[in-house]
Structure formats: structure tokens, C-alpha cells
Amino acid sequence: APLAAFACDATGAIVAFNQGAVTIWGRTPRCGEPGDGLIAAMRPTTARDDGVESGACTLVTALRGARPIVGEEWAIERPDGSRRLVVVHAKQLFDREGRVGGAVASLHDVTDRRAAEETLRTTAQRAEATLRSAREIFEHDPHCVKIVDVEGFLIDMNPAGIAAIEARSLADVLGASTVDIVAPEYRRAYLASLNEAAANGQSHAEFEIIGFRGTRR
């Protein structure tokens, strides 16, 4: 979006502007009219540190302070009811007596960026919730559920699986070959099922295992 720039006098009447400002505001301002309303429709979106309440603050009241506005995020309520978020940089202009006679300001529209950030944040939260749910299912499934690589080396296993292979803990078998706990006569079929899963995303095989304490199941 093009950078918006404008100048106003001490009353908030706009005295100069560019096309970028028209785009952000949603209409062409009426120069020289303090009651035009465009400046009054701007509000900071975060708490300020100058003692002025955000809801009561306008660009005019903010610029009556001693400091310029540098990189603050403000909201603009447009005439059609839509809302734009902008990053404001504004600096006071002083007369010969040192009084604020007006200001020059630039506005950078970040509405789309903030919307994209919110979408990413929401997507990440949903993905995290899905992973937590999947992990809960994984941990509490009464059957052996394991994650292995294409060669059968163990990446993860649920508590039911650890109990089934008679291991003391996941740490004891993490990275070990699951082929070794498959009964010898089933190993060829087990390896074939791993290759099929790697190629097609799924496979089905039935086999027996021999636990670390010798139990066959």
C-alpha cells in the first residue's frame, strides 16, 4: 500500500495530504475544516505512556504533548464503517513562540499484515490443540501404538506398547530396532509392511513379538 502522508494545523484541520491518505481514510478530506472528522476518527490501539487514555486520545491531543509519535499503532474508523490499522509517525510543527502550530504525519497501513498474523496465530493454536489431542489418544490407547522409521527403528511408543514389549521405559528402547522384537518367522513380513507404509502411507500386517522377558504374544 502507498505510504500516506498529511499535515494538519493545531486544531486538527488537514491542510495537505497525498493520495495514500485518501486511500486509507476512505474519502478525500476537506482541507482547512477542523470539524472534518478524519483526524478525530483516529485512536491508538495500545496504552500510551503520556497519561492520556487511549479511548479519549486523538492525534491532536497526542501532539499537544512534548514528544512526537514514533511507530505507534492506531486505528482509523472510516466513513463506511470499516476499520484500518496504521502505524503512525507524526512530528509537531512549532511557531516562533514555541507553541504547537500543527503537525506532519505518515501512516503505514498494516491491516492486512495484522489479519495475516492473526490467521497464522489461530492456525498455530488449532494445530497445537490437534497435536495435544492426538498425543492424548496416543498415550491412552490400550493397544500398542508406535512410531518407527522406514527401517523399523523406534521413534516413539505409547505406554501400552512399552508394557507389551516388557521394557522398563521408553528411554530403554528409544532408537532400538523393532525388528528385533518381532518373532523370527514374521520379520520378513514386518519389513515388507514397513516398506509398504513408506510407499503408500499405510499397511496392514499381523505378527507376533517376543518381549524382553521372553513373553511371546
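Within each chain, residue numbers correspond to sequence positions counted from 1 in written order. It should be noted that, the model being predicted, local features are given only for residues of pLDDT at least 70 and side-chain atom pairs only at 80 or more, the latter also being counted only at that level, while totals for whole chains, interfaces and linings use all residues. As a rule here, side-chain values come from all non-hydrogen atoms in the structure, and water together with hydrogens is ignored.

Draft legend 1. Spotlight on the overall build of the protein. Secondary structure elements follow DSSP: runs of H or I no shorter than four residues count as helices, runs of E no shorter than two count as strands, and numbering proceeds from the N terminus. Along the backbone of the protein there are 6 helices and 8 strands. When the helices and strands of the protein are listed from N to C terminus, the series reads β-β-α-β-α-β-β-β-α-β-β-α-α-α. When burial is assessed residue by residue, the protein has 34% of its 217 residues classed as buried. Taking as baseline every contact in the protein between residues at least 6 positions apart, the subset at least 24 positions apart corresponds to 40%. Exposure was quantified through the Shrake-Rupley algorithm and a 1.4 Å probe, taking into account, for residues, occlusion by the shown protein chains and nothing else. Accessible area of the protein: about 13,000 Å², with a carbon and sulfur share of 55%. Each residue gets one of three labels from its accessible area relative to the maximum for its type: buried under 20%, exposed over 50%, partly exposed in between, using a 1.4 Å probe on protein chains only. Any two residues whose heavy atoms approach within 4.5 Å at even a single point are treated as in contact.

Draft legend 2. Summary view of the nonpolar core. Residues belong to one nonpolar core when they are buried, are Ala, Val, Leu, Ile, Met, Phe, Trp, Tyr or Cys, and are joined through side-chain atoms within 4.5 Å. Counting residues in hydrophobic clusters, the biggest one holds 21 residues, and the most contacted among them are Phe6, Trp25, Leu59, Val88 and Leu107. Elements that contribute at least two residues to this core include exactly strand 1 (4-9), helix 1 (19-25), helix 2 (59-63), strand 4 (69-77), strand 5 (83-94) and strand 6 (100-109). Contacts of Trp25, omitting those with residues within four sequence positions, involve Phe6, Ile14, Phe17, Leu38, Ile39, Met42, Ile76, Arg78, Pro79 and Leu107. Listed in part, the 8 residues of the second largest apolar core include Leu154, Ile162, Ile181 and Ile209.

Draft legend 3. Region of the structure containing the environment of Asn195. Secondary-structure assignment places Asn195 in helix 6 (residues 187-200). Residue class for Asn195 comes out exposed when judged on its relative accessible area of 51%. Separated by 45 residues in the primary sequence, Asn195 and Val150 have C-alpha atoms spaced 6.5 Å apart.

Draft legend 4. Geometry of helix 6. One less than the residue count of a helix, multiplied by 1.5 Å, gives the span that helix is expected to have. With 14 residues, helix 6 should reach 20 Å at 1.5 Å per residue; the first-to-last C-alpha distance of 20 Å fits that figure. Within helix 6, burial applies to Tyr190, Ser193 and Leu194. When helix 6 is viewed along its axis, its buried side chains cluster within an angular range of 100 degrees and face the same direction. Seen from the open side of helix 6, the exposed residues pointing more than 90 degrees away from its buried face are Arg188, Asn195, Ala199 and Asn200. Against strand 7 (146-148) lie the buried residues of helix 6. At the exit of helix 6 stands Gly201, carrying a positive phi of roughly 90 degrees. What the arc describes is the spread of directions from the helix axis to the C-beta atoms.

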